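These are the residues of each chain, in order.
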Amino acid sequence: YNEEHAALASHDSAIDCLLRQEFPLDEVELVLTGREGHIDEHVPPEWSRFGRVVRVSLHESESHYWQQKNAGRDASTGAIVAWLDSDMTPEPTWLAAIAESIEGGADVSVGPSLFRHPRFSAHSPLMLAAASVSWGFVLARCPEPAPCALLAHNVAMRRSVAVSFPFPTGDRSYQSTLLYYDLRDAGARIVYTPLQRAAHAMTFAWWIKTRHFRTGYETYDARQDSRFPRPPFPHGRVLRWAEPPVLRSAVAVRDLPHWFRFRRVVGTSRLGAIATVPLVGAMSVIARVSETAGMYASLLGRTPRSARF
């Protein structure tokens, strides 16, 4: 946790939720990673319920988000490695669902990512609509829940797989997508686990700017990486200015189908899903307009060089 990058919530909230898991905590090791000076050495008495607590303090040059993910894996000893960001709060079923998936034969377990806001619960219609627009793409078009991507803030792997496939350490937030392609191409069994739910802290300003504006400029920059799929689009000095709204409009068209797949894994009734459609539509428009602006910013060379988390 580097709080200047993710000041939406303290890591204490995530750990409090881990302490309420429906899973024997004496079988769990807690590994905290962060920049030098950011790791609290105080051990609250309730942390003694964990089988092991480890702190990994990294030099500033080695403490980027993806480097912290890999450092946490290296410091762990368990048969399963599960990653959770400091601004995520897992539901009580999170660890048990992960263990059941991996012990059942999965190499990688992916779960639903939700949002929580100081004024709205994670399962409120507004937060579910926002989560579907932001994270719904992880669900594939299958009769049963199946993943077509993974998110680094809510993922678990069999230890042997985690060691063989470290997170790529580039400076963009889509590195987890590249890891998914590597795992898929290697034949890893990746499953979607509905009860592996965790909620990401958010404000609407963060959601518009940090989540979706950044997605716009990073997605546009990603065309430079041959591993990142990109729809064909005619090139030319004039046509490139038409590309952002065309591509983002195509994504917006998929938001409603994503919502009706997403609502099944978070337990929303069909009637409730239909009633939430106007909210999903409104959130979709806001998000895709923000992404379009981010793509134009990239075209103009006015975006940050490194993703912020």
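Each value, and the rule that gives it
Residues numbered from 1 in each chain as written. Predicted model: local features only at pLDDT ≥ 70, side-chain atom pairs only at ≥ 80, totals over all residues. Heavy atoms only, no water. Helix = DSSP H or I, 4+ residues; strand = E, 2+ residues; numbered from the N terminus. Expected span 1.5 Å × (residues − 1). Pairing = 2+ DSSP bridges. Axes fitted to C-alpha atoms, helices over the stretch in contact; angles between N-to-C directions. Phe/Tyr/Trp six-rings, centres within 6.5 Å; stacked < 30°, edge-to-face > 60°. Buried < 20%, exposed > 50% of the residue type's maximum accessible area, 1.4 Å probe, protein only. Core = buried A, V, L, I, M, F, W, Y, C linked by side-chain atoms within 4.5 Å. Contact = heavy atoms within 4.5 Å. Parallel < 35°, antiparallel > 145°, perpendicular 65-115°, else oblique. Left-handed = near helix turned anticlockwise from the far one by under 90°. Nonpolar A, V, L, I, M, F, W, Y, C, P; charged D, E, K, R; others polar.

Colleague: What should I look at first to understand helix α10 (residues 277-299) in this one?
Modeller: Counting along an α-helix, one turn takes 3.6 residues, and residues three or four places apart therefore face a common direction. Along its 23 residues, α10 runs 33 Å from first to last C-alpha, staying within 8% of the 33 Å computed at 1.5 Å per residue. Within two residues after α10, Gly 301 carries a phi angle of roughly 70°, on the positive side.

Colleague: How do you make sense of the sheet that holds strand β7 (residues 154-158) when you look at a structure like this?
Modeller: Strand pairing in a sheet is mediated by backbone hydrogen bonds. Such pairs are either parallel or antiparallel. Read from one edge to the other, the open sheet built from four strands follows the order β3-β7-β5-β8, with strand pairing classed as mixed. Since the sheet does not close on itself, it has two edges, and those belong to β3 (80-84) and β8 (190-192), each with one partner. The average angle at which neighbouring strand axes cross in this sheet is 20°, direction not considered. Across three bridges, strand β5 (residues 108-110) lies against β7 in antiparallel orientation. Across the sheet, residue Val 108 finds its bridge partner in β7, namely Met 157.

Colleague: Help me out: how do you make sense of the packing of aromatic side chains in this one?
Modeller: When we look at a pair of aromatic rings, we describe it by the centre distance and by the angle of the planes. Within this structure, the stated rule accounts for nine aromatic pairs. Geometrically, the ring pair formed by Phe 120 and Phe 204 is edge-to-face, given 6.4 Å between the ring centres and 75° between the ring planes. Of the two residues, Phe 120 is situated in the loop between β6 (113-116) and α4 (125-135) and Phe 204 in helix α7 (residues 204-221); the sequence distance between them amounts to 84 residues. Relative to Tyr 181, the ring of Tyr 180 lies with its centre 5.9 Å away and its plane at 65°, an arrangement referred to as edge-to-face. Considered together, Tyr 180 and Tyr 181 belong to a single accessibility category, that of buried residues. Put simply, the rings of Tyr 65, Trp 66, Trp 83 and Phe 167 pair up and form one aromatic cluster.

Colleague: So what exactly am I meant to see when it comes to the nonpolar core here?
Modeller: Soluble, globular proteins show a tendency: their nonpolar side chains are buried together. Grouped together as the largest cluster of nonpolar side chains are 49 residues, with contacts concentrated most on Val 108, Val 110, Phe 115, Met 157, Leu 183, Trp 207 and Phe 262. At eight residues, the largest contribution of residues to this core is made by α4. Those residues within four positions of Val 108 in sequence are excluded, and the remaining contacts are Ile 102, Val 155, Ala 156, Met 157, Val 161, Leu 183, Arg 189, Ile 190 and Val 191. Counting residues in hydrophobic clusters, the runner-up holds 18 residues, among them Ile 15, Met 88, Ala 106 and Val 191.

Colleague: How do you make sense of the packing of α4 against helix α8 (residues 243-266) when you look at a structure like this?
Modeller: To describe two helices that pack against each other, one gives the angle between their axes and the distance between the axes. Close contact between α4 and α8 brings their axes to 9 Å; oriented N to C, the two are set at 120°. Here α8 runs oblique to α4, going by the angle between their axes. Helix-helix and strand crossings are classified by hand; for α4 and α8 the assignment is right-handed. Touching Leu 128, Ala 129, Ala 131, Ser 132 and Val 133 of α4 are Asp 255, His 258, Trp 259, Phe 262 and Val 266, all from α8. Its residues assigned to classes, the contact of α4 with α8 comprises seven nonpolar, two polar and one charged.

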